[in-house]
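# Structure at a glance
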Amino acid sequence: MNNTYQNILNKTHFEPSKDWLQIKTIDMHTGGEPLRVIVDGFPKLKGNSVLEYRRYCKENFDFLRTTLMFEPRGHADMYGCILLPPNDDEGDFGIIFLHNEGYSTMCGHAIIAISTLAIEMQWVDVKEGDNIIKIDAPCGRITSFAHVENGKVTGVRFHCVPSFVIGLDRAVNVKGLGKVIYDLAYGGGFYAYVDMAKNDFNFNLTPESYRSLIQSGMDIKHAVMETDKEITHPYEEELSYLYGTIFIDNNKQISGNDSRNVCIFAEGEVDRCPTGSGVSGRMAIHKTRGDIDFGEIMTIESITGSVFKGSVVSEENYGPFKAVIPQVEGTAYITGMQTFVIDPNDPMKDGFILR
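Description of the structure in this document. The model shown is predicted, which means the values in this text are computed figures rather than measured ones.

Reported here for the largest pocket is a volume of approximately 330 Å³. If you list the elements that add at least two residues to the lining of the largest pocket, you get α2 (50-60), α3 (62-69), α5 (210-227) and β11 (242-249). Per element, the largest residue contribution to the lining of the largest pocket is three residues, and it comes from α2. The residue makeup of the lining of the largest pocket, split by class, is five nonpolar, two polar and eight charged.

Before going further, it helps to examine the pattern of salt bridges. What the rule picks out here adds up to 18 salt bridges. One salt bridge connects E315 with K322, and the closest N-O pair in it is separated by 3.9 Å. Since its relative accessible area comes to 32%, E315 is described here as partly exposed. Among the residues examined, K322 registers a relative accessible area of 60% and is labelled exposed. Salt bridges sharing partners connect three or more residues here, namely D169, D183, K198 and R289.

What follows deals with the pairing of strand β7 (residues 152-159). Both strand β6 (residues 140-149) and β7 contribute to a ladder of seven bridges, which runs antiparallel. Paired with H147 across the bridge in β7 is G155. Connecting β6 to the next strand, β7, in antiparallel fashion are two residues, including N150 with a positive phi near 55 degrees. In the sheet, β7 pairs with strand β16 (residues 321-330) via four bridges, with the strands oriented antiparallel. If you follow H159 over to β16, its bridge partner there is Q327.

Thresholds applied
- Residues numbered from 1 in each chain as written.
- Predicted model: local features only at pLDDT ≥ 70, side-chain atom pairs only at ≥ 80, totals over all residues.
- Heavy atoms only, no water.
- 1 Å grid on protein atoms, 1.4 Å probe; cavity = no way out; pocket = protein on both sides within 12 Å on 5 of 7 lines; lining within 4 Å.
- Points joined across faces, edges and corners; volume = space filled by probe spheres on them.
- Helix = DSSP H or I, 4+ residues; strand = E, 2+ residues; numbered from the N terminus.
- Nonpolar A, V, L, I, M, F, W, Y, C, P; charged D, E, K, R; others polar.
- Salt bridge = Lys/Arg side-chain N within 4 Å of Asp/Glu carboxyl O.
- Buried < 20%, exposed > 50% of the residue type's maximum accessible area, 1.4 Å probe, protein only.
- Pairing = 2+ DSSP bridges.

Any functional reading would require information beyond the geometric quantities listed.
Structural data, given as structure tokens:
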């Protein structure tokens, strides 16, 4: 065996220079949608609430968001989170979400993944059956239930924040698409929900239509943002923006599931899972339309075929809206552990995106 190959076998640890920043993560996926959980090395954030931490991160360390989400360490559809103290002693921890455009208000797939990780890492006291975890997201407190059998997580369901409908069957003119019919609802984030059966598009909700979905989803999002002036959260101005477009196909003959969601969010990201906050908003829409009642479950699949279960737990008044508390259920998996290093002399240290 030659000396070079012997060195390869023996010298497998790289020691970064002391002036290089090191950030450790645990990477996961929920239904194919990635989550990069930052566990060590991120600078300390200042604030007294999750919204304050998020604001401080955006103003002071946004370059680290792009470093970890963008190429060459990530990609255009990468997603991440930072764990923080809870807003009060009743919570377990806080969380802020990172993606290619910035910082989202709610993320259901991240709640499912981080609840799974909290059990696997024993960040909480673990017991057989349901383990209740209270997570403070920018949109409010999320209660998750991580179900454990024989010491392993078999699934996570969560109760989202009050979710409500702004309007049904609204219309907007979109260049290249014509008149588009959509519902506007909130499930931790605002979405324009576009039913394929009510619109005449030349694409479908399959991977083959990936690029058309991105372009059409972004065109619809921007058109709705320009024309619909009711995208307003009743209590938090920072939550009052349209997060994305969700295309819906209710043809059960495709897979046997009740419906398919394809969510185009942030700056053209395509959700690989059915979108937890999107399913939450759909539960509000379906309850308003009379399509679903308490105790009934809808199975909603994604562009990858992964499935979330959605249902309605309760109703309550939320500002001027009659809201529902939705429940969303799914599974998540750990894919790896990373230590990212940032060489201060690297001209691409802050990341870039080529889609």
